[in-house]
Amino acid sequence: MTEPTKRDDFLRSLGIEMDAIKAKLAELKEKGKKLSAEAKRDLEKTLKELEPKHKQLEAKLGEWAEAGKIAGAEVVKGLEGAAKELKKGVDAAVASLKK
């Protein structure tokens with residue numbers, strides 16, 4: 001496993017574990033291979049809905065990196081919101097598979 005980056009440390013300080021989110025997304029994709037056609041379509045739809053949230057989070061991380069250590073509260077707030085939305089969506093998708 002690699003050393004945590006400043007980005008990882010920052011996200012962790014917000015209570016966001018990107019590695020865990022990415023692992024859950026990979027798990028969802030793997031489980032999707034074993035689902036019925038209808039369930040697979042539902043999962044694919046959910047994953048497509050999560051893509052923009054993931055991209056938004058990556059964009060906010062880029063903004064934070066450019067702003068450096070003195071990132072404005074607005075950037076931090078946007079980053080935190082994007083990460084929480086992504087995590088919420090991933091958790092909901094995982095929960096729906098367990099039904």
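Report follows, based on the coordinates. (Residues numbered from 1 in each chain as written. Predicted model: local features only at pLDDT ≥ 70, side-chain atom pairs only at ≥ 80, totals over all residues. Heavy atoms only, no water.)

1. What to know about the overall build of the protein chain
Turning to step 1, where the next piece is worked out: A tally of helices and strands in the protein chain yields four helices and zero strands.
Turning to step 2, where the next piece is worked out: Counting from the amino terminus, helix and strand elements in the protein chain follow one another as α-α-α-α.
Turning to step 3, where the next piece is worked out: Within the protein chain, the fraction of its 99 residues that count as buried is 27%.
Turning to step 4, where the next piece is worked out: Partitioning the intrachain contacts of the protein chain with sequence separation of at least 6 by distance along the chain shows that 68% fall at a separation of at least 24.
Turning to step 5, where the next piece is worked out: By element, 54% of the accessible surface of the protein chain is carried by carbon and sulfur atoms, the whole surface being about 6,900 Å². (Helix = DSSP H or I, 4+ residues; strand = E, 2+ residues; numbered from the N terminus. Buried < 20%, exposed > 50% of the residue type's maximum accessible area, 1.4 Å probe, protein only. Contact = heavy atoms within 4.5 Å. Areas by Shrake-Rupley, 256 points an atom, 1.4 Å probe, with all protein chains shown as cover.)

2. Overview of the layout of surface pockets
Turning to step 1, where the next piece is worked out: Considered as a void within the structure, the largest pocket measures approximately 150 Å³ in volume.
Turning to step 2, where the next piece is worked out: Forming the walls of the largest pocket are L25, K29, E44, L47, K48, L50, E51, H54 and K55.
Turning to step 3, where the next piece is worked out: When residues of the lining of the largest pocket are traced back to their parent elements, those giving at least two are α2 (18–32) and α3 (37–67).
Turning to step 4, where the next piece is worked out: Class assignment for the residues of the lining of the largest pocket results in three nonpolar, one polar and five charged. (1 Å grid on protein atoms, 1.4 Å probe; cavity = no way out; pocket = protein on both sides within 12 Å on 5 of 7 lines; lining within 4 Å. Points joined across faces, edges and corners; volume = space filled by probe spheres on them. Nonpolar A, V, L, I, M, F, W, Y, C, P; charged D, E, K, R; others polar.)

3. A closer look at the pattern of salt bridges
Turning to step 1, where the next piece is worked out: Going through the model one piece at a time under the given rule, you end up with six salt bridges.
Turning to step 2, where the next piece is worked out: One salt bridge connects E27 with K31, and the closest N-O pair in it is separated by 2.9 Å. Residue E27 and its partner K31 are located together in helix α2, separated by four residues, close to a single helical turn.
Turning to step 3, where the next piece is worked out: On the basis of relative accessible area, E27 is assigned to the partly exposed category, the value being 32%.
Turning to step 4, where the next piece is worked out: K31 gets classed as partly exposed once you look at its relative accessible area, which sits at 33%.
Turning to step 5, where the next piece is worked out: Among the ionic pairs, D91 bridges to K87, the shortest N-O distance being 2.8 Å. Here K87 and D91 lie together in helix α4 (residues 73–97), a separation of four residues that amounts to about one turn.
Turning to step 6, where the next piece is worked out: Given the relative accessible area of 27%, D91 is considered partly exposed.
Turning to step 7, where the next piece is worked out: For K87, a relative accessible area of 35% corresponds to the partly exposed category.
Turning to step 8, where the next piece is worked out: Here the salt bridges share partners, and the residues they tie into one network are K24, K87 and D91. (Salt bridge = Lys/Arg side-chain N within 4 Å of Asp/Glu carboxyl O.)

4. A short note on the nonpolar core
Turning to step 1, where the next piece is worked out: The biggest cluster of nonpolar side chains holds 19 residues, and the ones touching the most others in it are L25, L28, L57 and V90.
Turning to step 2, where the next piece is worked out: Breaking this core down by element, the ones donating at least two residues are α2, α3 and α4.
Turning to step 3, where the next piece is worked out: For this core, the element with the most residues is α4, which contributes eight residues.
Turning to step 4, where the next piece is worked out: Among all residues touching L25, those that are not within four sequence positions of it are L47, L50 and V90. (Core = buried A, V, L, I, M, F, W, Y, C linked by side-chain atoms within 4.5 Å.)

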